[in-house]
Every structure is written in C-alpha cells, then in structure tokens.
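Chain by chain, the residues run as shown.
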Amino acid sequence: MVFDFLKRGSEGAVPETKASAAGPVFAWSGSGRVAWSSRDSGTLTRVGFSGNPVGFRSIKLIAEAAAALPLVLQDAERRYEMHPLLDLIRRPNPTQGKAELLEALYGQLLLSGNGYLEAVDGAAGLPVELHVLRSDRMSLVPGPDGWPVAYDYTVGARKHRFDMTGGLAPVLHIKSFHPQDDHYGLSPMQAAANAVDVHNSASAWSKALLDNAARPSGAIVYRGADGQGSLSSDQYDRLVDEMESYHMGARNAGRPMLLEGGLDWKPMGFSPSDMEFHKTKEAAAREIALAFGVPPMLMGIQGDATYANYQEANRALYRLTVLPLATKVTAALSHWLSAYSGEAVELKPDLDQVPALAAERDTQWRRVSEAAFLTDAEKRALLGLPRLAEEE
C-alpha cells in the first residue's frame, strides 16, 4: 500500500507534449546581489528602447535602413516590373506603406526576437491587406507534436485566435535563432540586457550627481562640547531634514551651510576609481551597439577605432546586419505569400540600388564581366539575375 502511488502513475500516464516556453520570469535579489531588470519583452522594450538612447538608435538605424531597401520580385525566368504581390507590398493596408509596415516588422523582430504578420484574406488569391501584430500580445499554441496549431492575440481581457490548421496560414511568424526555445526567438535586446542596465544606471548616477551640485557629498563631523561623538535622535532627524530641504538639489547648489553646536563640514573629492564611471558607461554603450550589430563608430561612441572611416563602418552595417536581416524576412514573406498566389516567386533586396554597397557591386560586376571563361548565362546567375528568354 505504501507504493500504490507508483501503480497509479503507471496506469494513467499522460503522453508527453511540447509546450510553449513563455512563462513568468522571477528576478531573485538579495543582500550582496546585483538587481537586474526583468527580461520579459515589455520591460526590455521600456528599459532598452524607450529608456535607452543607444538601444533606441540601434533599432531605429537597422529597421529604417532595412525597410528602405528597394525590393525586386523574380522567378526562375524573369524579373517582374508589375505584379499583384508588388502592389500588395507597396500598399499593404490603408494606413501604412511599404516602409512603415516593414519598419514595424523589423522593429518587433529586433525588440523581441519575433515578428508577426497578419493576412486579411480576400475572396481568392493574395491577401487584400497585411498588418504587423505586436509580439508582446502574441502567444503560440503548440499541438501534440510541438508544431503551432494556433496563435492567440490578447489585448486586455479580449483574445482572438488565429487557426493555423485550416489550409493557408493567416499569420506569418518570423523568429530569430534561439538555442533553448522551440517556439520563440532570442532578441538582441535580451543579449544586451545587462549592458542596458549598466548604461541606464550610469545615466541615473550622472543625473544624481548633477542634482548634488556636480560633486560628491561631504561628511558632517560632530564634536560635542564634552567629547561626546554622537547626536541624539532628535538632533539627527533635524539635521537630516535641514540638509534635504536647504542643501540638496540643483536649486540649492552653492548655498552656504550654517553649522552650529560642534558640527564641522569635511568636503570629499573624487577618487580616481570614482572617475571611471564614464568609461564604464561608454563600454556598456559599445556592448549594446555590438549586440545589435551596429558599428559603434556610427553611434558616435568615443574611443572606438574598429573601422578606418565612417564609410567603411556604414558598409559593414549593411553587409553584416541589414542585408542578412532583410534577406531572411523577405524570403519568409515571399514563401508565405506564394502559397496564396500559387506562384513560386522570390522577393529579395535589390543590391544594385543600395548606395552603401555601390563600390562592392562595381567591383563584382567588373570581375564577372571580365571572366572570359564564363558564359552570359553563368554571369547572370552569379549576379543573381534571371535567365533571358533566348537562353532557354
């Protein structure tokens, strides 16, 4: 009878199913431990984007650059100048154009590691509208095999479910690579969260320093008439109230202090270690920029000499960050919309129209055109161009 619980467990075993990794995150802190901010997407957006200039500028820089890339649509035979899919991308919904929609999608992907697009289905063919859904409101519903069967969009007490089992997918989910989560992506903001906390704390420290006349507090030493070295409770409370009321804050900067009853003011200066806080802030800013793949030189961070000049840093931004992100998103978008249209078409950035890559493209065009051992068809394939009609 003692081991009956073992029998009950073997009789009613529940088959194992995968579940979403979304859940509450608890930040444990105690004596002597660093207090980090919460790592949920809402807090990271508030702390790392709305409340941090480096995170804000990094995301805006990448999202705006990626959204501004000119796009081309082609298949194995031709490049389309006019196509219903291009019309949909140019005007995805009544309130947004191509740049606004893609900037919002890239921004959500950078902030949370997940980007969601909703298709408003028409009677037939391509969707009539596309809308970006906020990633902090979306939750994935996994099926018994672990694949998503639905997505729930929750606003307050209201919830709308997008069914993913009825044929064409109404939602496109684009996620960044996450090594420890099967359903959600890992955002650069999560990787930079510690650096964001350090940078924000350094900014708060600087603000507090300015509020105290841009110098550290001194020490008030009490020497009683009879050699006693401590104040009574009433004397101590009165002294603290007077200091807070008349000698703290920017409006009281420079006000002379009147001391009585054996009190003596001992000013304290900065030690060399106290002066290192601004270097810590610059190091944190550099880590935030690097987590997003933005060369620190473009962010105006002093002391960074990774790239020889601004032009080289701008080229690295496009080549290493903007283009990989845009290529990934447009590939997923074209594959998703191809299921609606029934055509195997590819939507991708047009590298020939990116000013930052003009020098690289000129070199590539020259190298390919001078390769006498290649046919015209092979040269076009190397440059990412479709075949000509006479080549078929």
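Just so you know, these numbers come straight off a predicted model, no measurement behind them.

Here's the deal with the sheet that holds strand S3 (residues 114-120)
Read from one edge of the open sheet, three strands run S4-S3-S8, paired in antiparallel fashion. Looking at which strands have only one partner, the edges of the open sheet turn out to be strand S4 (129-133) and strand S8 (171-175). For this sheet, the mean angle separating the axes of adjacent strands, direction not counted, is 20°. Judged from the five bridges that link them, S3 and S8 form a sheet pairing that is antiparallel. Looking at S8, one finds that Tyr116 is bridged to His173.

Examining the environment of Leu168
Tracing the sequence through the fold places Leu168 in the loop between strand S7 (158-163) and S8. Note: C-alpha distance between Leu168 and Trp336 (168 residues apart in sequence) is 8.8 Å. When near neighbours in sequence (up to four residues on either side) are disregarded, Leu168 contacts Ala339 and Tyr340.

Here's the deal with the packing of aromatic side chains
Counting across every chain of the model gives three aromatic pairs. Seen in terms of ring centroids, Phe49 and Phe56 are 5.0 Å apart; in terms of plane orientation they differ by 45°. Their pairing is tilted. We classify Phe49 as buried; its relative accessible area is 18%.

Quick word on the sheet that holds S7
The three strands are arranged S5-S6-S7 in an open sheet whose pairing can be described as antiparallel. This sheet does not close on itself; its edge strands, each paired only once, are strand S5 (138-142) and S7. The sheet shows a mean angle of 25° between the axes of neighbouring strands, direction not considered. In terms of strand pairing, strand S6 (residues 148-155) meets S7 through six bridges, oriented antiparallel. If you follow Tyr153 over to S7, its bridge partner there is His160.

What counts as what
Residues numbered from 1 in each chain as written. Predicted model: local features only at pLDDT ≥ 70, side-chain atom pairs only at ≥ 80, totals over all residues. Heavy atoms only, no water. Pairing = 2+ DSSP bridges. Helix = DSSP H or I, 4+ residues; strand = E, 2+ residues; numbered from the N terminus. Axes fitted to C-alpha atoms, helices over the stretch in contact; angles between N-to-C directions. Contact = heavy atoms within 4.5 Å. Phe/Tyr/Trp six-rings, centres within 6.5 Å; stacked < 30°, edge-to-face > 60°. Buried < 20%, exposed > 50% of the residue type's maximum accessible area, 1.4 Å probe, protein only.

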